[in-house]
Structure formats: C-alpha cells, structure tokens
Amino acid sequence: MLCALTGKPVTNPVISKKSGGLFEKSAIEEYIIQHSQDPLNGEQLSDDDLIEIQNPRIVPSKPNTSDSIPSLLHAFQNEYDALALESFELKKQLLEARKDLSSTLYYHDAAVKVAARMMKERDEALAAIKQLSNGTGGQGDGMEVDK
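Going by an unreviewed UniProt entry, the chain carries the name Prp19/Pso4-like-domain-containing protein and comes from Lipomyces orientalis.

See below:
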C-alpha cells in the first residue's frame, strides 16, 4: 500500500474520512498542520477525520530476484502452490456450505410436510365435528358420542 501523499509504502496507515485516501500518518499530520485540508479533494481536514487502520496486513515488497530463469521458475512455482492451496481451501468451504444448505433444506421440507399434514388433519377433524353437529339435529351441543 502506498501513501497517496508521498507515494511511498506506508508503515502506519490512516484513511481520510473526507476522501477515503490512504496516507502515512506522520505525512498527513504534517500536511494538515500546514494546509488544514485533504490533499485529494481540498476539503477541510483535521486529525479527528483520520481513521487508523488496526492490525494492517502490510507485507513489505520482496527484492527483485527475477534475474535468472531458475529464480523465476521458483517464484512461479511458489505462486502456483499458493493458488492451488487457496483453491483447495475455497473448494472445501464450498462443500461445507453445500452440506449445510442441503441439511437446512431437508429440515425445511420436513417441517412443511408436517405442517401440511397437521392442517389436513385439522380440516378433517373440523369436517367431522360439523358432520356430527348436523347429524344430531341440533340437539345439545353436538358433542355427544353414542355409546
């Protein structure tokens, strides 16, 4: 990551709330003292408008070792290995997500079937109650059972 002000790699990065630009903290603080504005868009800027990036994953650049074919092959092999490992991890995560989704869909389908069966039984029970109440000729509450 490079500082938008100096163009150099940052060691203590901050982001401007006003422009979203990435800066080296010491460089932007000095710029704010002198100019009181964001160097990218000219808006008023103070130290309170800077957000420090916590635990930055800044990897220093490696020196150029591509001066021979074996070193280039070694670099390509390392990149390939890293990509293959990342691809494997992503496929593993995808498989786990598919299993979770499949299980969730199975439980949802089972719940829908149980709900449909219960609604059918309820409707049948209501129909039976209605038939019983009609069959007694309106005597009593219609809930009497012949013994």
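**Q** Looking at this structure, I do not really get the overall build of the chain. What am I missing?
**A** Looking only at helices and strands, the chain has two helices and three strands in total. Beginning at the N terminus, the succession of helices and strands in the chain can be written as β-β-α-β-α. Counting contacts in the chain only where the partners sit at least 6 residues apart, residues at least 24 apart contribute 30% of the total.

**Q** Teacher, can you tell me more about the packing of aromatic side chains here?
**A** What describes a pair of aromatic rings is the distance from one ring centre to the other and the angle between the planes of the rings. Enumeration according to the criterion identifies one aromatic pair in this entry. An angle of 65° between the planes, with centres 5.8 Å apart, marks the rings of Y106 and Y107 as edge-to-face. The class for Y106 is exposed, based on a relative accessible area of 57%. Relative accessible area serves as the criterion here: at 56%, Y107 is assigned to the exposed category.

**Q** Whenever I open this one, the nonpolar core confuses me. Can you help?
**A** What tends to happen in soluble globular proteins is that the nonpolar side chains get buried as a cluster. Judged by nonpolar contacts, C3, V10, V14, L22, F23, I28, Y31, I32, L45 and L50 together constitute the single largest core of ten residues. For this core, the elements supplying multiple residues, two or more each, are β2 (22–24) and α1 (25–35). Per-element accounting of this core gives the leading share, three residues, to α1. L50 has contacts with V14, I15, S16, I28, I32 and L45, leaving out every residue within four places of it along the chain.

**Q** Sorry, what's going on with the sheet that holds strand β3 (residues 50–52) here?
**A** Adjacent strands of a sheet pair through backbone hydrogen bonds, lying either parallel or antiparallel. Spatially, β2-β1-β3 is the arrangement adopted by the three strands of the open sheet, whose pairing is antiparallel. Two strands lie at the open edges of the sheet, namely β2 and β3, each paired on one side alone. Neighbour-to-neighbour, the strand axes of this sheet turn through a mean angle of 40°, independent of strand direction. Pairing of strand β1 (residues 13–16) with β2, which is carried by three bridges, proceeds in the antiparallel orientation. Looking at the pairing, I15 lines up with L22 of β2. Across the sheet, α1 is in contact with β1, β2 and β3; its angle to β2 comes to roughly 90°.

**Q** Got a minute to help me understand the side chain of D49 in this structure?
**A** Relative to the assigned elements, D49 resides in the loop between α1 and β3. No salt bridge forms around the buried D49; measuring N to O, its nearest opposite-charge neighbour K18 is 4.2 Å away. Filtering out sequence-adjacent residues up to four positions away, D49 remains in contact with I15, S16, K17, K18 and Q44.

**Q** I'm lost on the pattern of salt bridges in this one. Help?
**A** Side chains that differ in charge, positive against negative, can pair when their charged atoms come close. Within the structure shown, the criterion is met by five salt bridges. A salt bridge links E121 to R117, with the nearest nitrogen and oxygen atoms 3.8 Å apart. Within this pair, E121 and its partner R117 are both found in helix α2 (residues 69–135), separated by four residues, close to a single helical turn. A relative accessible area of 40% places E121 in the partly exposed class. For R117, a relative accessible area of 45% translates into the label partly exposed. Taking the shortest distance from any N to any O, the salt bridge between D123 and R122 comes out at 3.0 Å.

**Q** I'm lost on the side chain of D38 in this one. Help?
**A** Within the element layout of this structure, D38 appears in the loop between α1 and β3. At 8.1 Å, K18 is the nearest oppositely charged side chain to D38, a buried residue that forms no salt bridge. A distance of 2.8 Å separates the side chain of D38 from the backbone nitrogen of L40, its partner in a polar contact. Residues contacting D38, with those up to four places away along its chain left out, are S16, K18, S19, F23, Y31, E43 and L45.

What counts as what
Residues numbered from 1 in each chain as written. Predicted model: local features only at pLDDT ≥ 70, side-chain atom pairs only at ≥ 80, totals over all residues. Heavy atoms only, no water. Helix = DSSP H or I, 4+ residues; strand = E, 2+ residues; numbered from the N terminus. Contact = heavy atoms within 4.5 Å. Phe/Tyr/Trp six-rings, centres within 6.5 Å; stacked < 30°, edge-to-face > 60°. Buried < 20%, exposed > 50% of the residue type's maximum accessible area, 1.4 Å probe, protein only. Core = buried A, V, L, I, M, F, W, Y, C linked by side-chain atoms within 4.5 Å. Pairing = 2+ DSSP bridges. Axes fitted to C-alpha atoms, helices over the stretch in contact; angles between N-to-C directions. Lys, Arg positive; Asp, Glu negative; His and termini not counted. Salt bridge = Lys/Arg side-chain N within 4 Å of Asp/Glu carboxyl O. Polar contact = N/O pair within 3.5 Å; in protein donor to acceptor, adjacent residues only side chain to side chain.

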